[in-house]
Every structure is written in C-alpha cells, then in structure tokens.
Amino acid sequence: MSEATKGSRSRAAKGTSSKETSSEMLRLLVDNLKDYAITMLDPKGTVTSWSPAAERLKGYRSNEIIGKHFSTFYTPEDSASGKTERELEIAAREGRFEDEGWRIRKDGSKFWANVIITALRDESGKVIGFGKVTRDLSERKQAEEQIRQQSREILEMATVPVVQVWEGILLVPLIGVLDSERSQQLMERLLERITETGSPVALVDITGVPAIDTKTAQHLVETVKAVRFVGADVVLTGVRPAIAQTLVHLGIDLSTVTTRSSLSAGLRVAFAMMDLHVGAAQAVAH
Amino acid sequence: MNRETITVIKVRDVLLVTMPADPDDATISALQEKTLEAMEQHEVKGLILDLSKVDTLDSYFARTVTETGKMVGLMGGETIIAGMRPAVAITATQLGLNLGITQTALSVDEGLNLIGRNWRGFHK
C-alpha cells in the first residue's frame, strides 16, 4: 500500500498524465475505504476486481474470489431463486440497483448488507461491467431488532396491563380504544395471568376506554365467559354514565356480568367474593 | 389398546372425575355414563370435573359437559368444572359453550372449597 502511495506520488511529481494520476488516486480511495467494500463485476457478474475493504468484510483474498460469480456472497436460497441475475438486469436497465439483505462471508457467517450495484457503460452505451458497493449494516440491523423487540414488549405491557392488587385479585386498567385485536390480547393475557397466579377474581376497569360499541361489548362479554370457564370471575368497573347510557341504548345485555361504576366499588365486590372484610381498625388506645 | 381413560374417584362426599389430555369420542361418551352411574351408586353432593389435563375441546365434548352437568343437577348434585386451561377456555367461548348451572373453579382444590361452601348454603 505504502509502495503504491509512493509510486503515485513520484509519478505525479514527474508530471505523468493527469488521467493516470486520477485513476491511481481512485484506486487508492477504493483500497483505503474502510466501511465500503467496492468490487467490480463483468457484465455476467464475475468478480474482476477486489479491494482490501471487501476482503475485510467478506473474508476472501483477491486470488480466491476474482473470477468467481458474485452469487458466492448470497444465501443458497437467494442464488437459487435467480436473485443475482435479476439484480444485474435491473442495474443494466435502470443504471442502478439497491438492496438490503443477508449476505454470506467466506466462513459461512451472515451479515446484513446494503448493496448498490451500478452499471458501467462504454462510450457507445454498452454495459461493460458493474460496480458494486457493499456496506455491513449488521450492527444497525441488530440495534433495530432490539428496539423493535423492546417496543413490542412495552406495547404489550401497555396494551393489556395485568396487575395483582391483592392476593387472588387481578386488576386490568384499560386505557384507550378497545379494538378486536386488543380485546383478543386482553382475553389471552388475562386468562394466562389468572391461571398463573391462581386468582379467582379479576377487575377489568374501563374508566379510560373512551367509547364502547356493540362489538367491544361483545368482546368483553366473551372475555368474561372465558374467565368463568377457567374458574374465575370478572368485575367490570369504571362504567361511567355515558357508557351506561350507550350500553342501554345499544341494547347490549351485560346482565351476566357484575358491573360497578367505580374501581373502589368493584374492589369491595371482589373482597366480598373472596370472603374478605374491610373495616376500620380498632384504635389501639381504645 | 392403550387409550387414556376417565377416572372417577369418590372422595368423601364428592366425586372427582378426571378427563385425559386428548379424549376421543368414545371416552367422551363414557364420561356421561360413568358419571351418572357413580351418582346413582354413591350419595354425594356433586362432582368435580377435572379438565386440567385437557388441551383440546370440540363441540361434542363441550355439549357432553353441559348435558352431563344438567343431568347431574336433575339427580340432585352440583357440578364444578375445575382447572380448564386458558386455550381451552378460549375455544369453549368460540364454540359458544354454555355452562348453565355448572360452576367453575381454578383447580380441584378450589372446587372442593366451592362445593363445601355452597352445600352449607353460604352462597345463595
């Protein structure tokens, strides 16, 4: 590398043609780029030039890979499906092709790559080869996955939070619109938690649910049924005046469900179901 | 033939009926016969149907459970379904299983508490 640098310098100093100098400098740039593996392909996709960055990224030495088809870097499924041919076809037609996906290193390990293939044409417009720039985005991909996983977990927790408020009593404070998907999650998570904790009573609080329609009510009734099947019961709390009005006007029958307007009233019902009694403690001094 | 079968055990004044994990139709119809037979033989308050092993439920099974509960009721006993798993409960809801007078409990243990309480007239 240093020899090449020296060579180019001395030649530049001697005043070699500027074209040669610029192509030499370009080669230096390609060789020294750390994160961009630049390779050249012939029109059929055979590797014709290799760079140190490409070697670092993919593990092949130039004598091992020059002359091989670039499908070597693709997963067996991708190369079998003709992905590589398609990519060259698009690059030739549109001038450029960009893709993100899994690629394979020499040692068989995978990395998440951003790949840009650019068609190179001669003066007559004939494709004489392709330039291929590959970047390793594995770290970014991993970080994205992690964030996605975390937000999924947070979302799940926030969607249907199930809290144990007393031995044998669970509380589900629902906030926001209750659509079909969320109702399904509510049913699954609640049943799971009930059987896990062996809790005979669950308080489902809908104070924070803006509106109830026929479908939502139907979901709630089904949830209550399912909870009864596993051997527990539900007290529906937070039935505000507006919600009570809607339910009656829509003709929704919740007579099989124990309902209360406030969470505290519901908690009292739950205590009664569990044969627990709440009373003011006798003053010690008494 | 190595079929898992129903067990019916009398514990004090309760019948404990345990269903196998994946009962076939013959096993399900045996549930009704065996249960009613045992109800006739022993003087019991009722029965606890332990479904904690069961991981699949079809409409025939659901109907048999409901019917058996009603029949046991006619013979003067109460039925408590115990230990139904969440997945089975969801299926039961989708199948429109109607328990009627049949009660449920989280476990056989809880079921025994329930039978005792109801019999002494604490509830209702």
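Scroll up to find the structure this text is about.
Attention here is on the structure that accompanies the text.

So, how was this worked out
Residues numbered from 1 in each chain as written. Chains lettered and ligands numbered in written order. Predicted model: local features only at pLDDT ≥ 70, side-chain atom pairs only at ≥ 80, totals over all residues. Helix = DSSP H or I, 4+ residues; strand = E, 2+ residues; numbered from the N terminus. Buried ≥ 20, exposed ≤ 12 C-beta atoms within 10 Å, placed from the backbone. Contact = placed C-beta atoms within 7 Å. Pairing = 2+ DSSP bridges. Axes fitted to C-alpha atoms, helices over the stretch in contact; angles between N-to-C directions. Core = buried A, V, L, I, M, F, W, Y, C linked by C-beta atoms within 7 Å. Parallel < 35°, antiparallel > 145°, perpendicular 65-115°, else oblique. Left-handed = near helix turned anticlockwise from the far one by under 90°. Nonpolar A, V, L, I, M, F, W, Y, C, P; charged D, E, K, R; others polar.

1. Concerning the overall build of chain A
Then, in step 1: Counting its secondary structure elements, chain A contains eleven helices and ten strands.
Then, in step 2: Out of the 286 residues in chain A, the part that is buried amounts to 27%.
Then, in step 3: Counting only contacts in chain A whose residues sit at least 6 apart along the sequence, the fraction spanning at least 24 positions is 57%.

2. Re the sheet that holds strand β3 (residues 96–104) of chain A
All names here are of chain A.
Then, in step 1: Pairing is antiparallel across the open sheet formed by five strands, whose spatial order is β2-β1-β5-β4-β3. Each end of this open sheet is capped by a strand with a single partner; those strands are β2 (47–49) and β3. Between one strand axis and the next, the sheet turns by 35° as a mean value, whatever way the strands run.
Then, in step 2: Relative to β2, strand β1 (residues 36–41) is paired through two bridges, and the arrangement is antiparallel. Following the sheet pairing, Leu 41 is matched in β2 by Val 47.

3. Observations regarding the nonpolar core
Then, in step 1: Of all hydrophobic cores here, the largest spans 65 residues; its most connected members are Val 172, Leu 190, Ala 202, Leu 203, Val 227 and Val 230 of chain A together with Ala 89 of chain B.
Then, in step 2: Broken down by element, this core gets its largest block of residues, six residues, from helix α9 (residues 214–229) of chain A.
Then, in step 3: Within the second largest apolar cluster, 17 residues are counted, among which are Val 47, Ala 54, Ala 91 and Ile 117 of chain A.

4. A word on the sheet that holds strand β1 (residues 7–11) of chain B
All names here are of chain B.
Then, in step 1: Across the sheet, which stays open at both edges, the five strands sit in the order β1-β2-β3-β4-β5 with mixed pairing between neighbours. Each end of this open sheet is capped by a strand with a single partner; those strands are β1 and β5 (103–105). Here the strands of the sheet are splayed against their neighbours by 25° on average, with no regard to which way each runs.
Then, in step 2: Examined bridge by bridge, β1 and strand β2 (residues 14–18) share five bridges and lie antiparallel to one another. Its bridge partner being in β2, Val 11 is matched across the sheet by Val 14.
Then, in step 3: Where helix α2 (residues 59–74) meets the sheet, it contacts β3 (46–50) and β4 (78–82), and its direction lies at approximately 150° from that of β4.

5. Remarks on the packing of α9 of chain A against helix α3 (residues 86–95) of chain B
Then, in step 1: Packing of α9 of chain A against α3 of chain B leaves a shortest axis separation of 8 Å and a crossing angle of 130°. Comparing the axis directions of α9 of chain A and α3 of chain B gives the class oblique. For the pair α9 of chain A and α3 of chain B, the sense of crossing is right-handed. Counted together, Glu 222, Lys 225, Ala 226 and Phe 229 of chain A of α9 of chain A and Ala 89, Ile 90, Ala 92 and Thr 93 of chain B of α3 of chain B form the full contact between these two elements.
Then, in step 2: Looking at side-chain class alone, the contact of α9 of chain A with α3 of chain B contains five nonpolar, one polar and two charged residues.

6. Details of the interface of chain A and chain B
Then, in step 1: Between chain A and chain B, the residue contacts involve 15 residues of the former and twelve residues of the latter.
Then, in step 2: Breaking the side of chain A that touches chain B down by element, the ones donating at least two residues are α8 (180–197) and α9 of chain A.
Then, in step 3: The residue makeup of the side of chain A that touches chain B, split by class, is seven nonpolar, three polar and five charged.

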